[in-house]
Structures are given as C-alpha cells and as structure tokens.
Amino acid sequence: MSEPIIELHDVSKAYGGVIANRAVSLTVERGSITGLIGPNGSGKTTLFNSIVGYHPINSGSIRFDGREISQLRVQEIARLGLLRTFQTTRIYGKMDCMHNMLISIPHRKARYFDMFARERPEVVERAEQLLAFVGLYEKRFLRAGSLSFGQQKLLEFAMALMNEPTVLLLDEPTAGINPTLINGLLDRLKRANAEFGITLFIIEHNMRVIMNTASKIYCMAHGELLAEGPPAEIQRDRRVIEAYLGEH
Amino acid sequence: MTLFVRRNLPFLLIFAMGAVAPFLFPDISNEIAVLWLMILFASTWDILGGQMGYNSLGNIFFFGAGMYICAVVQIGLYYDVGMYTSGARTTHIVFTNAQYFTGFALGTLAGGVGAAVLAVAAGFILFGLRGPYFAIGTLGLAIAAAELISSWEWVGAASGISMPVFPGAPETQKLFFYFLLFALAFVLLIFLRWLYSTNFGIALNAIRDDEEKAEAMGLHTRRYKRTAWAISAAFLGVSGAIFANMTGFIEPRDIAFPTTTFNLYMVVMVLLGGKGTLWGPVVGAVIFHTLKEVTWTYFLGWQYVALGLLIVVTIVYFQQGVVGWLMEKYPRRFLPRGTQQPDQRAIGLAPQPEGAE
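Just so it is clear, the model here is predicted, and its values are computed rather than measured. (Residues numbered from 1 in each chain as written. Chains lettered and ligands numbered in written order. Predicted model: local features only at pLDDT ≥ 70, side-chain atom pairs only at ≥ 80, totals over all residues.)

### Things to note about the overall build of chain A
Along chain A, the regular secondary structure elements total nine helices and 10 strands. Relative to the globule expectation of 18 Å for 248 residues, the C-alpha radius of gyration of chain A, 18 Å, shows essentially globular dimensions. Summarising its shape, the C-alpha atoms of chain A cover approximately 60 × 40 × 40 Å along the three principal directions. Split into buried and exposed, the 248 residues of chain A put 45% on the buried side. Within chain A, contacts between residues at least 6 apart in sequence are counted, and of these 68% link residues at least 24 apart. (Helix = DSSP H or I, 4+ residues; strand = E, 2+ residues; numbered from the N terminus. Rg over C-alpha atoms; globule rule 2.2 N^0.38 Å. Buried ≥ 20, exposed ≤ 12 C-beta atoms within 10 Å, placed from the backbone. Contact = placed C-beta atoms within 7 Å.)

Below you can see the structure in the form of structure tokens.
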C-alpha cells in the first residue's frame, strides 16, 4: 500500500542568488492525498514547477514511478501521467468548454496521424460525464473565457481528470472560490481520489480544506522542509505555528 | 440529397461561380485568377495567424520557394539550369508539349513538397520565438531569401528566369492557369473545413489560447506547429509554381518574395475578413482584391494611399473582421452543430446549476 509514486531527494533550486528550494526531500504515496503548506514565498510553487519539469533544478533527484524525471521536458512528464493545474487558472479561453475537454485527452499514446482523428463518441461521452461531475454540463457550449473564475477552476479540474493522470498536482485549488462552493470542491477532490484512483498532491492555504482531505502534510518555510506528518500532528507542531504566525 | 446541398451550400456556390466566371467575364479572367490566388494566400496565412495565433510575416517565402524549385525542376529536367539562365537573353529555347507538361507537373509537385520541407526546417529554428519575435523572425526569412536569390547567378540572380513558354494559344493558356488556381483554392477550402473539424483544429486553437497550458497537458505542440506550417507552405509552394508559369517570368524581389505587397496583403485580407474562421479569409480576400482592382482602374496614382488607409483602418478599428463582427452580432447563427435550437440555459441566462459558482 505505502508504495511511493513521487520521490524527491535533496532537490535544490535557486533563481540567481535567491534560493527558492534548499535540499527538499519528500515522498508522495500512491493513491494518497498529500498536502503541502507553508507561508507565502516559502517555495511551494517553485517545488511544483521543478517536479513537472517547468524549469531545471540545480541539484537533487526527482523520481516518478521509479523513473528519474528531473531531465525531462514538461510535455514528456505530462505524458507520463504527472499533471499539474495552475495557481492562476489556465484554460483555453476562446474555445467552448466541450472543446477544452476534448483536447485534454491523454496524449501519451498519440501517434502522428492521431492528430487528424475526430473525437470518438465514447470520448465525447466521457467529457460530458466529467463536466457533469464538476457541475458545468449545462454550460458545455459556452466560451470557457466567459465563465466565472470559480467555474474556470472547476473546468480546469475536469480537464485534468480528462487526461487520466496517475498523479495530479493541484496548486491552491480553492483559492478564489466562493466559500459555499468549497465543500463541493472538497467532495469532488475526495471522489476523484477514491473513484478514479488519482493520487493528489495539493498546495493549499485553506487549513480547513487541507486538514480534512490530506492524510499526510508537508510544511515548508524559507525554501526548506520544516515539518511533516499527519494533519493532527502538523496542527500542533510549534515550528509550523511559528512559521505562520511569527515567533513571540 | 437536400441535406447534402444544405450542408455544402457555400462550396457548391463557389464551385458554380468559379466554373462560369471566366466565360461570363472573359476580359477580367486574369484578375479573377489572381483572386483565387489571394484566397489561397489568406486561407493559408490564417492556419497559423488565425487558428494557431502565430503571426507570420514570412509566409511569402514558401510562395517564392515553390516558384524557384518548380522553375529549376522544370528547366533542369531537359537543360542545364546555369546555361539556360545565362543564355535566355540571347537564344530562344523551345520545350516540346510533352516536355512542358511533364516538367510543369513534376515542378509543381516538387515546389509543394520542397516548400513543406523548408517549413519544417524553418520551424525547428523559428518556433522557439513567440509573439512579435516570431513575426520579425519570419520576415527576416523572406527578406534573406530574396537577397540570397538576387545574388545567385545559377538561378538568374536579380534578372530572374524566363519560364518555358506555354505551348498553346493565349486564350487556352489563360483558361488553363485560371482553372488550376481555382481548383487549388477550392481543394484548399475543402481540406481546411475537414482539418478544422478534426482534433488538429482544436489543438491549434488550444495553442493559440494558451500554449503553456497545452504543453502542461502533454500536447505534442511542436509536432502540431510544424505540421500546420508545412500544410500552409505546401499549398503556397504549389500556388507559387502555378503562378510562375502563369506570368511566364520570375525574379526574386517583386514576384517571388514581394515582402511589401503580397506578403502584407495576406495579413490584411485575413484581418479584414475575420481571423480564425474558415470563411473570414475568403470574404477578406474578395473585398480586398475588389477594392484593389477598382482603385487601380479608377484612381490610378492613389491606389497605394487607398490601400494604406484600408490597412490602417482595419488594424486600428476593425480587428475582428467582417465574419468576426457577424459572429458578435448574431451569435446564435454560429452555434456548434447539434445545438442549433438552444434553450436559454445554453446561452447562459438560466439559474446557475448547483455546484457551479
């Protein structure tokens, strides 16, 4: 059960003289929901960017499913089944929701002439099911850019599910979402994990959300890993409280 | 049968008009032939510029490359190209019927394939550039090609190449090239309608909207970009080969690589008609070409002022183009297939479903 799917070992990343990540080591277990918290500027998003190959790391190793991926490019990593969503939501704004979904099919097996294929009925059906899953079915022919921010976030989540990833990295999934909707999203995250078997690795500032979903939480501060453990333990950890509230 | 007619009505109309036009208006059949060329220019430019969001200012490079590749093949099959270009001014070289048509067919084919290969090669370098950098980079490609050919004696340098003479009466020649350009434009439009209905079309739009997102989702973005440019280049190369034989003479700066005329017209026609749509470039080409010919005929001396004014007005005030404007004005007529009679909810007036904000 406790088999690691993502393993980071001593990962460091610096932007010029600014060290964003210093020797970060962590593991995410297959099938789990793992949280990553930390004050603003503690290097969480940088770490996500390093994992998905958005920028090269200075040192260390990143393994996905036992395979070293720190030298691969973004697309190659995505095709392996390691996908991320963005903190500032990114969808294809001028296309309707359905097209947003249809182009998000997994590309790992795509061969050259698959570029000219038309969407198969079962793919269309799956896209509709997933849009229904996030509550956007009625809006499937609207331009994605005309949706509200919260709806765009849900669409981005549905697009990620369409890609059938093994692991999904979510960068602040509840940021900017209407508080009454957060419960719905929380429920969907849990269902995506339980029903589709997708491992989730989540950056989150909303403590109620992360404490209720994650089975294990890592806390970062100043680019370094500060603490790790189950939610109950993290909540009581003096170092975590100090990092968030400052020392007294 | 009626369904077939209704679904393909624009194509049937174009086919009918294109087929009878040279017989109805024999005096301007050459101008109408050039109109088909303009439609080819606009529609191929739109593949990258409209659908994919990469504004190329160097697509004319593939038009000229197709011309020169065709000329070299057409002549080189039977004569030494260097001898031909240097001797063209003093001796009259004759091609037999069979030689002309074999050479023309093979040259056109080579022009199309060669241009596509050049597009893939150029794509390796230029697709690293984004936004205005891509536009300038591609413009450099076209200008460099013009300069290079201008100083290459083997292909006639700046004084160009006189193409083999068409073996037939001038009237036959006119119709022959008219129908070639018409057929090519017609095939392109049918091809594009199919292309934009496949995943390829959606992928190009995805790259236009957010290329970084497309990469993060695992799309083979480079493969799509290179293929799109190669398709565009192949059609331009073939049209260049045909146009070279139509005019009978090619030279680098004003005919093969005219960066300030044809090259800019492509962009203006697409903007005028509406970029990112199948029919926008066609509408733009028709309006632009008609205006151009009218000002040429009736306001000679002012034609460039009129064109310049049109370009400025289009770019500053009318970027969405005719078709884009129609889509804004009558959005219901442009809904995707299968949603022709949408209920109010699909338009977004209904109460929000639970779970969505």
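### With respect to the overall build of chain B
In terms of regular secondary structure, chain B is built from 17 helices and two strands. Over its C-alpha atoms chain B spans a radius of gyration of 22 Å, differing by no more than 12% from the 21 Å that the globule rule assigns to 357 residues. Summarising its shape, the C-alpha atoms of chain B cover approximately 85 × 50 × 45 Å along the three principal directions. Burial status across chain B gives 45% buried among its 357 residues. Counted over contacts in chain B with a minimum sequence separation of 6, partners at least 24 positions apart contribute 79%.

### Section: the sheet that holds strand E9 (residues 216-221) of chain A
Residues and elements named next belong to chain A. Here six strands make up an open sheet; going across it, the order is E6-E7-E8-E3-E9-E10 and the pairing mixed. In this open sheet, the two edge strands, each paired with only one partner strand, are strand E6 (82-84) and strand E10 (224-229). Sheet twist, expressed as the mean angle between neighbouring strand axes with direction ignored, is 20°. For strand E7 (residues 167-171) and strand E8 (residues 199-203), the ladder comprises five bridges, and the chain directions are parallel. Bridge pairing links Leu170 to Ile202 in E8. Where helix H9 (residues 238-245) meets the sheet, it contacts E9 and E10, and its direction lies at approximately 130° from that of E10. (Pairing = 2+ DSSP bridges. Axes fitted to C-alpha atoms, helices over the stretch in contact; angles between N-to-C directions.)

### Remarks on the domain arrangement of chain A
All names here are of chain A. You can read the domains of chain A as domain 1 (1-81 + 166-181 + 199-248) and domain 2 (90-164). For domain 1 and domain 2, the distance between their C-alpha centres works out to 26 Å. Taken together, the contact between domain 1 and domain 2 spans eight residues of the former and seven residues of the latter. Taken together, the residues of the side of domain 1 that touches domain 2 sort by class into four nonpolar, three polar and one charged. (Domains from an automatic or database assignment. Nonpolar A, V, L, I, M, F, W, Y, C, P; charged D, E, K, R; others polar.)

### Observations concerning the packing of helix H13 (residues 262-273) of chain B against helix H15 (residues 303-317) of chain B
Residue and element names in this part refer to chain B. Running from amino to carboxyl end, H13 crosses H15 at an angle of 50°, the nearest separation of the two axes being 10 Å. Classed by the angle they form, the pair H13 and H15 counts as oblique. The way H13 lies across H15 gives a crossing that is left-handed. For the pair H13 and H15, contact is made by Val268, Leu271 and Leu272 and by Ile311, Thr314 and Ile315, respectively. The residue makeup of the contact of H13 with H15, split by class, is five nonpolar, one polar and no charged. (Parallel < 35°, antiparallel > 145°, perpendicular 65-115°, else oblique. Left-handed = near helix turned anticlockwise from the far one by under 90°.)

### What about the sheet that holds strand E2 (residues 18-29) of chain A?
All names here are of chain A. Strand order in the open sheet formed by four strands is E2-E1-E4-E5, with antiparallel pairing between adjacent strands. If you trace the sheet from one side to the other, it starts and ends with E2 and strand E5 (67-68), each paired once. One ladder, built from eight bridges, connects strand E1 (residues 4-15) with E2; its direction is antiparallel. The residue bridging Leu8 from the neighbouring strand is Leu26, located in E2.

### Re the nonpolar core
Ranked by internal contacts, the top residues of the largest apolar core, which has 165 residues, are A:Ala158 and B:Leu181. Taken together, domain 1 (1-81 + 166-181 + 199-248) and domain 2 (90-164) of chain A each give at least three residues to this core, which thus spans both. In this structure, A:Ala158 is in contact with A:Met101, A:Leu130, A:Leu131, A:Phe133, A:Val134 and A:Leu136, ignoring residues within four places of it in sequence. (Core = buried A, V, L, I, M, F, W, Y, C linked by C-beta atoms within 7 Å.)

### Describing helix H11 (residues 221-247) of chain B
An ideal rise of 1.5 Å per residue puts 39 Å on 27 residues; H11(B) measures up with 39 Å between its terminal C-alpha atoms. With 22 of 27 residues buried, H11(B) lies mostly within the body of the structure. (Expected span 1.5 Å × (residues − 1).)

### Things to note about the packing of helix H8 (residues 170-197) of chain B against H11(B)
Residue and element names in this part refer to chain B. Packing of H8 against H11 brings their axes to within 10 Å, and their N-to-C directions diverge by 170°. As the angle between them shows, H8 and H11 are arranged roughly antiparallel. Residues Phe177, Leu180, Leu181, Leu184 and Leu188 of H8 form the contact with H11, whose own contacting residues are Phe235, Val238, Ser239, Ile242, Asn245 and Met246. Looking at the contact of H8 with H11, its residues break down into nine nonpolar, two polar and no charged.

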